[in-house]
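Fold and contact review
So the chains spell out like this:
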Amino acid sequence: MNTVLTANKRQKGRQSSLTQLRQNGAIPGVVYGFQMESTAITLDARVFAKLLAAHGTKSVFQLDVDGKRINAVLSEVQRCALKGNIKHVDFKSINMSEELEVEIPVTVIGDAIGVADGGFLLQPNREVRIKVKPTEIPETIEIDVTNVAIGTSLYVGDIRQQFSFEILQEDDYTLVTITPPSAENVQEDDTVDDTPEVIEATGQNTSEPEA
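- Per an unreviewed UniProt entry, the protein chain goes by the name Large ribosomal subunit protein bL25 and belongs to Lysinibacillus fusiformis.
- Taken verbatim from the UniProt record of the protein chain, the Function (unreviewed entry) comment is "This is one of the proteins that binds to the 5S RNA in the ribosome where it forms part of the central protuberance."
- As its UniProt record puts it under Sequence similarities (unreviewed entry), the protein chain is described as follows: "Belongs to the bacterial ribosomal protein bL25 family. CTC subfamily."

Pasting the structure below:
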């Protein structure tokens, strides 16, 4: 679903001008792409933050730039390293009738049998790149790990047919793997289990005969 966001054109200026914009509650940005010359814009910081929290970074935004409606997706969001507040945004205008490539986060669901058996779940790649129509961009891709056992992995090739859009990574792109318990943990468990037997045997061998 499109999200309408009001933007105003601005003149590209010096760093001091951008700082002043931010101090006045605005976010500087730029929009470029399909049938669009690169245009500097400003957004209301509070409004944009609320829309971003509600719809996420993968939403299709309908920018209203001085009365002109533009369909666009977020290309980049720059944040302050210390405070985390948004400093600058890049939008890419898109053709709604054509597919586009986007990075989508991967969400793991289910309880892996490998974890129940003592293994550790690792997720080496937390995003996949897909090719999809703008109106069908998912916020996340859910993968079920219930049947992943110790020493096995889940790859793109295992889930590719579950989705209507195209996943651009190769089949051997690893999404999840279950590693066995570490040797140290196994050794500690064995020691704990063996201790009662050692104590019992020692007691039997060293006991004094009854008088």
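Re the overall build of the protein chain
- In terms of helices and strands, the protein chain carries 5 helices and 13 strands.
- Taking all 211 residues of the protein chain together, 33% fall into the buried category.
- Long-range contacts, defined as pairs at least 24 residues apart, comprise 64% of the intrachain contacts of the protein chain with a sequence gap of at least 6.
- For the protein chain, the exposed surface amounts to about 13,400 Å²; the carbon and sulfur share of it is 47%.

Structural notes on the pairing of strand β5 (residues 68–79)
- Inspection of the sheet shows strand β4 (residues 60–65) paired to β5 by 6 bridges, in the antiparallel sense. Residue pairing in the sheet places glutamine 62 in a bridge with asparagine 71 of β5.
- In sequence, β4 turns back onto β5 through a hairpin of 2 residues, with aspartate 66 there showing a positive phi of about 50°.
- Sheet topology note: the β5/strand β6 (residues 86–93) ladder contains 7 bridges and is antiparallel.

Points about the sheet that holds strand β7 (residues 100–109)
- Ordered by their spatial adjacency, 4 strands build an open sheet running β10-β7-β9-β12, and the pairing between neighbours is mixed. Edge positions in the open sheet fall to β10 (141–144) and β12 (166–167), since each of these has one partner strand only.
- Pairing of strand β9 (residues 127–132) with β12, which is carried by 2 bridges, proceeds in the antiparallel orientation. Bridge pairing in β12 places lysine 131 opposite glutamate 166.

Some thoughts on the sheet that holds strand β1 (residues 3–9)
- Strands sit in the order β1-β3-β2-β6-β5-β4 around a closed barrel of 6 strands; the barrel is mixed. Taking the axes of each pair of neighbouring strands and ignoring which way they run, one obtains an average angle of 45° across the sheet.

Some points on the side chain of threonine 39
- For threonine 39, the location among the structural elements is in strand β3 (residues 36–44).
- Here the side chain of threonine 39 touches glutamate 37 through a polar contact of 2.9 Å, landing on its backbone oxygen.
- Contacts of threonine 39, omitting those with residues within four sequence positions, involve Lys9, Gly29, Val30 and Val31.

Let's talk about the pattern of salt bridges
- Taken as a whole and assessed by the stated rule, the structure comprises 4 salt bridges.
- Arginine 69 is the salt-bridge partner of aspartate 64, the closest N and O atoms lying 3.3 Å from each other.
- The partner of glutamate 103 in a salt bridge is arginine 129, and the shortest N-O contact between them spans 3.3 Å. Of the two residues, glutamate 103 sits in strand β7 while arginine 129 sits in strand β9, which places them 26 residues apart along the sequence.
- The partly exposed category is assigned to arginine 129, whose relative accessible area is 28%.

Some details on the environment of threonine 6
- Among the structural elements, threonine 6 can be located in strand β1.
- Along the backbone, threonine 6 and threonine 42 are 36 residues apart, and their C-alpha atoms lie at a distance of 8.9 Å.
- Sequence-distant contacts of threonine 6, that is, excluding residues within four places in its chain, are made with Thr42, Leu43 and Asp64.

As for the confidence of the model for the protein chain
- Mean pLDDT over the protein chain stands at 85; residues scoring 70 or higher make up 83%.
- In this model residues 194–211 is a low-confidence stretch, pLDDT under 50, and it forms 0 contacts with partners more than four residues away in sequence or in other chains.

What to know about the layout of surface pockets
- In this structure, the largest pocket spans a volume of roughly 370 Å³.
- As for the largest pocket, its lining consists of 18 residues, of which Val73, Leu74, Leu100, Glu101 and Val102 are closest to the centre.
- Going through the elements one at a time, β5 and β7 are the ones with two or more residues in the lining of the largest pocket.
- The biggest single contributor to the lining of the largest pocket is β5, with 5 residues.
- Classifying every residue of the lining of the largest pocket by side-chain character gives 7 nonpolar, 3 polar and 8 charged.
- Two domains each provide a minimum of three residues to the lining of the largest pocket, namely domain 1 (2–97) and domain 2 (99–177).

What counts as what
Residues numbered from 1 in each chain as written. Predicted model: local features only at pLDDT ≥ 70, side-chain atom pairs only at ≥ 80, totals over all residues. Heavy atoms only, no water. UniProt positions renumbered as here; feature names shortened; annotations may be inferred. Helix = DSSP H or I, 4+ residues; strand = E, 2+ residues; numbered from the N terminus. Buried < 20%, exposed > 50% of the residue type's maximum accessible area, 1.4 Å probe, protein only. Contact = heavy atoms within 4.5 Å. Areas by Shrake-Rupley, 256 points an atom, 1.4 Å probe, with all protein chains shown as cover. Pairing = 2+ DSSP bridges. Axes fitted to C-alpha atoms, helices over the stretch in contact; angles between N-to-C directions. Polar contact = N/O pair within 3.5 Å; in protein donor to acceptor, adjacent residues only side chain to side chain. Salt bridge = Lys/Arg side-chain N within 4 Å of Asp/Glu carboxyl O. pLDDT = per-residue confidence, 0-100. 1 Å grid on protein atoms, 1.4 Å probe; cavity = no way out; pocket = protein on both sides within 12 Å on 5 of 7 lines; lining within 4 Å. Points joined across faces, edges and corners; volume = space filled by probe spheres on them. Nonpolar A, V, L, I, M, F, W, Y, C, P; charged D, E, K, R; others polar. Domains from an automatic or database assignment.

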